[in-house]
Amino acid sequence: MLCCCVGVQELAARYAPLLRLPVTEVGGALELIRQQAVKRGKERQRFRETSVATLELLLPQNNRKETKTKSYLETRLDVRVQELVDRIGEDYGLKYIKLILNGRTLCVDQPLDQQGVKNHSKVMVLKVTDAEWKLQLSEEEEKEKNQKESLQRTQKGFQILSERDGSEDSSPFLEIADQRGNPLTIPPQEKKALILAMGFHEKGRSLMKKKQFDLALCHLLQADQQFSRCGSALLSSVDNFAVLQLDVVWCYRALEALSCLEDGRSRLQRAEDCFLRCYGERRQRLLMIKGNTGREEVLFLRLHLLQSLLSYIEGNDAQARQQLSKVEALYARLCLDSEKMAQLMSLGFTEKEARLGLRACEGDLQEAAIHIGNQTQEREELKQRERKRRSRRMEAISSLTELGYSRRDAARALQHAGGDVDRAYGILLDSSGSAQATGSHSEGSVEKLLYLGFQRDVSEAALRLTGGDVQSATQLLLDQQGVLSPELLSESPSSEEPSTSSSTSTGDVSTEDSELVNEALEDIARHEEDYLDLNLEEESELIATMKSYLSPAHRV
């Protein structure tokens with residue numbers, strides 16, 4: 001300590017003549033700077049060890065206990081802003097306040113770290129009137145309402161699509177296919193969960209592109225819940241689940257959500273394990289399916305970059321540097337020559353096609369042009385095969401409906417029969433006999449469901465869909481929270497008879513369904529490799545930030 005004091009006195013004696021100030025005044029200022037530096041160093045060390053941050057409060061003039069003394073508050077950054085507001089209000093006798101960081105009002109219902117608050121942040125405390133406080137509450141309620149509505153509309157839209165089976169020629173429906181475009185046979189409930197999961201994921205990715213990371217995260221977490229309902233065998237064979245984990249942690253990064261650090265680490269591990277199972281230890285499975293591995297490298301760039309960031313936050317600088325070196329090597333390979341991009345685009349290819357093609361061919365211009373052309377041809381051939389397959393399917397459904405069966409029953413029987421019309425006819429005959437045998441008990445079954453609190457129309461529809469099995473119908477209604485899609489409700493024995501009284505209502509429901517479906521379809525990427533088309537701008541910024549974090553000067 002004596003050496004420090006001597007050093008300060010020497011500096012004061014050296015600079016006092018230049019500043020034309022007394023030596024004692026300059027010495028006092030330098031000593032204050034030294035004390036503040038020591039204090040901040042201790043606070044920084046404590047934050048790294050305990051996660052307790054120190055915030056500087058800029059209080060209203062008449063609420064400062066001492067005019068020249070700064071006000072500080074110690075807190076974890078994973079607590080909600082409301083908790084901080086309550087503490088400040090109690091300590092300084094303030095009733096209605098709002099907190100400002102860098103000119104932006106902090107939302108009281110979100111954690112501090114998700115809104116950019118860091119150790120040593122300066123937070124301005126503003127008093128607000130009763131009217132302003134009520135307005136602030138109404139805005140937060142409106143935001144929460146919009147968030148819930150977005151989630152509900154996304155779920156309803158993809159739920160309608162998941163229940164369609166292609167029996168209606170003009171209605172869009174979704175089909176799960178492998179990486180070559182071949183339809184996959186998946187149990188109905190698992191298929192429905194998978195479509196909902198992929199739908200929420202697509203919506204979340206769409207919001208990420210718009211930089212709406214908070215709303216995107218809500219949709220991605222819903223997708224994660226739906227994926228959990230799928231079988232482990234299915235999840236281990238596709239990379240969708242791994243990509244979702246990366247996207248969730250990428251949102252954590254964008255929102256600076258330090259409170260999600262532990263969850264982020266486990267998600268990255270799940271992503272890495274899933275990639276290993278799907279692609280093979282040396283990407284051999286991926287190479288066998290696609291012929292190259294260049295496009296998927298962007299996923300590993302993000303994976304290692306996020307791992308580097310989390311290692312740094314946890315205080316493991318050596319591991320962070322090791323991961324960052326992998327990132328920089330990948331980044332160098334994935335950055336593309338702008339002239340080659342321009343040449344490919346001059347040939348009529350889109351920017352997306354040019355970028356994906358060059359990465360697939362490791363920057364070889366001629367190979368990329370051939371590759372893109374081949375992929376375009378393969379996509380067109382796949383579309384033609386799909387048109388022919390659907391045409392044959394519609395013909396088969398029409399043949400069965402001519403025998404007196406509904407289009408939906410015909411479509412489902414045909415699906416169970418693997419497209420064989422004769423087998424489908426046999427299935428329909430068997431189900432008709434079963435329905436007749438249980439018909440006498442149908443009213444009693446309906447009464448049981450009514451007793452459980454379900455509505456009559458959904459009870460009848462559920463019994464029809466489950467072949468009159470009360471237990472299965474009950475489970476179906478519980479899974480759907482007592483609400484079945486309008487398409488299922490309209491599929492009843494009396495629906496074939498015209499009814500003028502219900503035509504208006506049915507039309508309204510159909511219009512609403514169409515709007516929900518169209519909204520859902522808008523978020524689905526038109527290119528099957530859209531999730532691999534990253535321009536690396538955000539990644540480049542984070543790489544530069546990580547390099548500055550890990551530089552020796554930053555650790556002073």
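From a predicted model like this one, the values you see are computed outputs, not experimental measurements.

Conventions and cut-offs
Residues numbered from 1 in each chain as written. Predicted model: local features only at pLDDT ≥ 70, side-chain atom pairs only at ≥ 80, totals over all residues. Heavy atoms only, no water. Helix = DSSP H or I, 4+ residues; strand = E, 2+ residues; numbered from the N terminus. Buried < 20%, exposed > 50% of the residue type's maximum accessible area, 1.4 Å probe, protein only. Areas by Shrake-Rupley, 256 points an atom, 1.4 Å probe, with all protein chains shown as cover. Patch = residues over 30% accessible without salt bridge, like charges linked within 9 Å, V, L, I, M, F, W, Y side chains within 5 Å. Salt bridge = Lys/Arg side-chain N within 4 Å of Asp/Glu carboxyl O. Lys, Arg positive; Asp, Glu negative; His and termini not counted. Charge placed at Lys NZ, Arg CZ, Asp CG, Glu CD. Contact = heavy atoms within 4.5 Å. Pairing = 2+ DSSP bridges. Core = buried A, V, L, I, M, F, W, Y, C linked by side-chain atoms within 4.5 Å. Axes fitted to C-alpha atoms, helices over the stretch in contact; angles between N-to-C directions. Left-handed = near helix turned anticlockwise from the far one by under 90°. Nonpolar A, V, L, I, M, F, W, Y, C, P; charged D, E, K, R; others polar. Expected span 1.5 Å × (residues − 1). Parallel < 35°, antiparallel > 145°, perpendicular 65-115°, else oblique. pLDDT = per-residue confidence, 0-100. Phe/Tyr/Trp six-rings, centres within 6.5 Å; stacked < 30°, edge-to-face > 60°. Arc of directions from axis to C-beta.

Colleague: Explain the overall build of the protein chain to me, please; I cannot follow it from the model alone.
Modeller: A count of helices and strands for the protein chain gives 23 helices and five strands. Here the protein chain holds 556 residues, and 40% of them are scored as buried. Total accessible area on the protein chain is roughly 31,400 Å²; 51% of this is exposed by carbon and sulfur atoms.

Colleague: Please explain a negative patch on the surface as it appears in this structure.
Modeller: Residues Glu83, Asp86, Glu90 and Asp91 make up a contiguous surface patch of negative charge. By the secondary structure assignment, Glu90 is in helix 3 (residues 81-92).

Colleague: How should I be thinking about the environment of Lys340 in this particular structure?
Modeller: Within the secondary structure, Lys340 is located in helix 13 (residues 338-346). For the pair Lys340 and Gln366, spaced 26 residues apart in sequence, the C-alpha separation works out to 9.7 Å. Residue contacts for Lys340: discarding those within four places in its chain leaves Leu358, Gly363 and Leu365.

Colleague: Hey, could you run me through the pairing of strand 5 (residues 122-127) in this one?
Modeller: Consecutive residues of a regular strand have side chains that alternate between opposite faces of the sheet. Looking at chain direction, strand 1 (residues 52-58) and strand 5 are connected through three bridges and run parallel. Its bridge partner lying in strand 5, Glu56 is registered against Lys122. Direction of pairing for strand 3 (residues 97-101) relative to strand 5: antiparallel, over a ladder of four bridges. Counted as the bridge partner of Ile100 is Met124 from strand 5.

Colleague: Hey, could you run me through the pattern of salt bridges in this one?
Modeller: For side chains of opposite charge, pairing can occur when their charged atoms come near one another. Applying the stated rule across the entire model yields 23 salt bridges. For Glu529, the salt bridge goes to Arg295, with nearest N and O atoms at 3.1 Å. On the criterion of sequence distance, the pair formed by Glu529 in the loop between helix 22 (503-522) and helix 23 (537-549) and Arg295 in the loop between helix 10 (284-290) and helix 11 (297-313) is long-range, its members being 234 residues apart. In this structure, Glu529 and Arg295 share a single accessibility class: buried. Ionic pairing is found between Glu297 and Arg333, a salt bridge with its closest N-O pair at 3.8 Å. Residue Glu297 is found in helix 11, and its partner Arg333 is found in helix 12 (residues 317-334); the two are separated by 36 residues along the sequence.

Colleague: Please explain the nonpolar core as it appears in this structure.
Modeller: For soluble globular proteins, nonpolar side chains are generally found buried alongside one another. Ranked by size, the top nonpolar core spans 72 residues in total, and within it Leu246, Phe275, Leu299, Leu305 and Met546 carry the most contacts. Beyond its immediate sequence surroundings of up to four residues, Met546 is in contact with Leu305, Ser308, Leu309, Tyr312 and Leu324.

Colleague: Help me understand the packing of helix 5 (residues 188-209) against helix 8 (residues 240-254) in this model?
Modeller: Between two packed helices, the angle of one axis relative to the other and the distance separating the axes together describe the packing. Where helix 5 contacts helix 8, the axes come no closer than 11 Å and their chain directions differ by 35°. Considering the relative orientation of helix 5 and helix 8, their crossing is left-handed. Across the interface between the two elements, Met198, His201, Arg205 and Met208 from helix 5 touch Asn240, Val243, Leu244, Asp247, Trp250 and Cys251 from helix 8. Looking at the contact of helix 5 with helix 8 residue by residue, the class counts come to six nonpolar, two polar and two charged.

Colleague: Would you mind showing me how to read the sheet that holds strand 2 (residues 71-76) here?
Modeller: Ordered in space as 2-1-5-3-4, the five strands form an open sheet in which the pairing is mixed. Looking along the sheet, the strands with just one partner apiece sit at the ends: strand 2 and strand 4 (104-105). Helix-sheet contacts for helix 2 (residues 23-50) involve strand 1 and strand 2, and the interaxial angle to strand 1 is about 130°.

Colleague: Sorry if this is basic, but what is going on with helix 6 (residues 213-227) here?
Modeller: Given 3.6 residues per helical turn, the α-helix brings residues three or four places apart onto the same face. Taking 1.5 Å per residue, 15 residues should reach 21 Å; helix 6 reaches 20 Å between its end C-alpha atoms and fits that length. Taken residue by residue, helix 6 has Phe213, Leu215, Ala216, Leu217, His219, Leu220, Ala223, Asp224, Gln226 and Phe227 as its buried positions.

Colleague: Which parts of the structure should I look at to understand the packing of helix 6 against helix 8?
Modeller: Their axes nearest at 10 Å, the elements helix 6 and helix 8 cross at an angle of 150°. Put simply, helix 6 runs roughly antiparallel to helix 8. The two elements helix 6 and helix 8 meet at a crossing, and its hand is left-handed. Residues Phe213, Ala216, Leu217, Leu220, Leu221, Ala223, Asp224 and Phe227 of helix 6 pack against Asn240, Phe241, Leu244, Gln245, Asp247, Val248, Trp250, Cys251, Tyr252 and Ala254 of helix 8. Of the residues that constitute the contact of helix 6 with helix 8, the class distribution is 14 nonpolar, two polar and two charged.

Colleague: I keep staring at the side chain of Gln375 and nothing clicks. Help me out?
Modeller: You can see Gln375 is positioned in helix 15 (residues 365-401). Residue Gln375 is classed as buried on the basis of its relative accessible area of 17%.

Colleague: Please clarify how the confidence of the model for the protein chain should be interpreted in this entry.
Modeller: Detailed reading of predicted coordinates is not advised where the pLDDT is low. Summarising the model, the protein chain shows a mean pLDDT of 80, and 84% of its residues fall at 70 or more. Per-residue pLDDT stays below 50 along residues 489-509; that stretch engages in 10 contacts with residues further than four places along the chain or on separate chains.

Colleague: Mind showing me how you'd approach the packing of aromatic side chains here?
Modeller: To describe a pair of aromatic rings, one takes the distance between the centres and the angle between the planes. Considering all chains together, one arrives at five aromatic pairs under this definition. On the numbers, 5.2 Å between centres and 45° between planes, the contact of Phe275 with Phe300 is tilted. With a gap of 25 residues between them, Phe275 in helix 9 (residues 261-279) and Phe300 in helix 11 connect regions that are remote in the sequence. Here Phe275 and Phe300 have matching classes, each one buried. For the pair Tyr279 and Phe300, a centre-to-centre distance of 6.2 Å together with 55° between the ring planes defines the contact as tilted. Here the residue Tyr279 occupies a position in helix 9, and Phe300 occupies one in helix 11, the gap between them amounting to 21 residues.

Colleague: Just to check I follow, could you spell out a positive patch on the surface for this structure?
Modeller: Together, Arg40, Arg44, Lys70 and Lys122 make up a positively charged patch on the protein surface. You can call Arg44 partly exposed: its relative accessible area is 37%.

Colleague: Honestly, helix 9 in this entry has me stumped. Any pointers?
Modeller: The terminal C-alpha atoms of helix 9, which comprises 19 residues, lie 27 Å apart, in line with the 27 Å expected from a rise of 1.5 Å per residue. Within the sequence span of helix 9, burial applies to Gly264, Arg267, Leu268, Ala271, Cys274, Phe275, Cys278 and Tyr279. Axial view of helix 9: buried residues confined to an arc of 130°, hence all on one face. Gly280, located one to two residues past helix 9, shows a positive phi value of around 95°.

Colleague: What should I look at first to understand the pairing of strand 2 in this one?
Modeller: Residues Ser71, Leu73 and Thr75 of strand 2 are buried on one face, while the alternating residues Tyr72, Glu74 and Arg76, pointing to the opposite face, are not. Bridge count between strand 1 and strand 2: six bridges; the pairing is antiparallel. Residue pairing in the sheet places Ala53 in a bridge with Thr75 of strand 2.

Colleague: Explanation requested: unusual backbone geometry in the structure shown.
Modeller: For residues other than glycine, phi is negative in most cases, and the peptide bonds are mostly trans. The backbone of Ser51 shows a phi angle near 65°, a positive value even though the residue is not glycine. Relative to the helices and strands, Ser51 resides in the loop between helix 2 and strand 1.

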